[in-house]
Amino acid sequence: MQPDQEYSIYDHWYDNKLILKSPVKEYAMPNSVLIINCGSSSIKFALLLKDQNFRIHGLAENLGTPNARIKGVTLGNEPVDIHIPNADHKEALEVGLSRLANHKPDAIGHRIVHGGTLTQAELITEDIIDIIRDATPLAPLHNPAHLVGIEATRRLFPDLPQVAVFDTAFHQTMPAHAYRYAVPKFLYTEHNVRRYGFHGTSHAYVSERGSELAGSYKQGGWLTAHLGNGSSTCAIWNGQSVDTSMGLTPLEGLVMGTRSGDVDPRLHSFLAKNLGWDIYKIDKMLNSQSGLLGLSDLSNDMRTLIEASEQGNEDAALAIEVFCYRLAKSLSALSCGLPRLDGLFFTGGIGENSAFIREKTMSYLPHFGFNFSKEKNDNLKRGTEGRIDAGTGPQIWVVPTDEEGRIAQETSNVVARGVENSTTKKPEAATV
Ligand code: ADP
């Protein structure tokens, strides 16, 4: 079945008119949170322990194939590489978690790409599962895989609180003039066609941490650039998202590893009429064969492109140029959502590690009074926090993202909310 054929939207997530029907249990506060990020054939998992302040990571990949395996490190820091031929998600979780010795999770946080119009993380109940399922047409590659992960962890840990943390939730503060498309109104009112935005966990964490580093915790106007395989920008005013580059789906906006980002919407009819392509072929081309990969005809990986460009590959050089120009253009456009611009945060694999891409992007942003410091940028150690402007004008920072930490924090908060609401248990502070 093609992903769009099951399209149906239920009225319970239009305008937040959600009524939770299923009973919510009371849970003890978590000391350790298991974070699950479930893809169609892979699971990234991490266990975050509150008291000992450390993390255990694992990756199960090629699930459902003879090459299925789990990679990670044990508590004793030993590398793990276990071959689990044909294992499914549940088996992979069982094997992976059996390595955690005494460190069993107290709560589970699932990263969920699309949560419709839900505005915050939620305890997983049958209603929440319905909402995740109903949002499948808007994230056909991600949401079904998340449901498989939820099903597996519910079977493995039926008594643990499980929380869904949505990439879309942070952007629910966008005003209508930022989230509406200029298409007939009924597409919004009857079919929820609007801009949602993604990478919310990262934009939320980075803007919070960055504004704290800048001395104005959650105050003022900031732009964030999350640059990884998927990339997006966000404008944040006083801690709330006011606009973002991704839209109805994670395809809108910036040039990404394999995603085109913005194209003329008539490209679809052009390809259909002139090349006879159907909608699935066009979708696949725009999602998996475009972006850096499409432009360079070489790779979706920025490191590979930088190396190739240094060796004279002109397609790689152009792909990098388009990436940086389009990023700068997006940041300039999003600045319209801010009453004042206090600064810019770079994050994600590219934003955190590539001084070259940061410098090239800033060269396309001459109009905001940014005073970029080449020296500070070049000297910033890869993957560390640091300020890279010369001390005047809007600030520029590199802030490594921590989506896992944020998901653990939100999971704890949701469990705490349940405990606070209960009359029988005393509330405690919840941080992991
Ligand atoms: P994901 O979206 O899958 O989480 P990441 O945030 O890990 O992706 O970012 C992956 C991207 O970061 C890749 O394009 C990779 O080449 C790029 N990257 C990582 N380190 C560097 C570096 N030192 N210089 C340039 N690009 C880098």
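This text gives an overview of the structure that appears in the document. For every chain, the first residue of its written sequence is number 1, and the numbers climb from 1 along that sequence. Selection of residues for local features in this predicted model requires a pLDDT of at least 70, selection of side-chain atom pairs for listing and counting requires 80 or more, and totals for whole chains, interfaces and linings are taken over all residues. For the side-chain quantities, the full set of heavy atoms in the structure was used; hydrogens and water were omitted.

Points about the pattern of salt bridges
We apply this condition: Salt bridges are counted wherever a side-chain nitrogen of Lys or Arg sits within 4 Å of a carboxyl oxygen of Asp or Glu. Comment: elements are numbered from the N terminus, with helices defined as DSSP H or I runs of at least four residues and strands as E runs of at least two. Only protein chains enter the calculation, and the probe is 1.4 Å; a residue is then buried if its accessible area is under 20% of its type maximum, exposed if over 50%, and partly exposed in between.
The tally for this structure, following the rule as stated, stands at 21 salt bridges. Across the pair Glu61 and Lys71 runs a salt bridge, and its minimum N-O distance is 3.2 Å. Residue Glu61 is found in strand 3 (residues 54-61), and its partner Lys71 is found in strand 4 (residues 69-73); the two are separated by 10 residues along the sequence. Given a relative accessible area of 36%, Lys71 falls into the partly exposed group.

Observations concerning unusual backbone geometry
What is expected of a backbone is that most residues other than glycine have negative phi and most peptide bonds are trans. Phi is positive for Asn192, close to 60°, though the residue is something other than glycine. Along the polypeptide, Asn192 turns up in the loop between helix 5 (185-189) and helix 6 (200-213). Phi at Asn238 is positive, roughly 45°, even though this residue is not glycine. Among the secondary structure elements, Asn238 is positioned in the loop between strand 10 (231-237) and strand 11 (240-244).

Re the site of the ligand
Our working definition: Nearness of a residue to a molecule or strand requires only that one of the residue's heavy atoms be within 4 Å of it. Distance and chemistry together define a polar contact, namely a pair of N or O atoms within 3.5 Å, with one atom able to donate a hydrogen and the other to accept it when in protein, and with adjacent residues in sequence counting only for side-chain atoms on both sides. All accessible-area figures derive from a Shrake-Rupley calculation using a 1.4 Å probe, and residue coverage is judged against the displayed protein chains alone.
Residues in contact with the ligand amount to 13 residues; listed here are only the nearest, Asn229, Asp301, Met302, Arg303 and Gly349. Asn229 is positioned with one of its side-chain polar atoms (N or O) 2.9 Å from an oxygen atom of the ligand. Contacts to the ligand include Ile350, whose backbone N or O atom sits 3.4 Å from an oxygen atom. Coverage of the ligand by the protein chains reaches 75% of its 590 Å² of free accessible surface. If you list the elements that add at least two residues to the shell around the ligand, you get helix 10 (302-310) and helix 12 (348-353). A total of 4 residues in the shell around the ligand trace back to one element, the largest contributor, which is helix 12.

Things to note about the sheet that holds strand 3
The test is simple: In this analysis, strands are considered paired if DSSP registers two or more bridges between them. When checking whether two residues touch, look at their non-hydrogen atoms; a contact exists if any pair is within 4.5 Å. Axis lines are fitted to C-alpha atoms, over the contacting stretch for helices. Their N-to-C directions set the angle, which ranges from 0 to 180 degrees.
In space, the 8 strands of this open sheet follow the order 5-4-3-2-1-6-8-7, with mixed pairing throughout. Each edge of the sheet is formed by a strand with only one pairing partner; in this case those strands are strand 5 (79-83) and strand 7 (122-123). Relative to strand 8 (residues 162-166), strand 7 is paired through 2 bridges, and the arrangement is antiparallel. Bridging across to strand 8, Glu122 finds its partner in Ala164. Those strands touched by helix 2 (residues 126-134) are strand 6 (107-112), strand 7 and strand 8, and its axis lies near 35° from that of strand 8.

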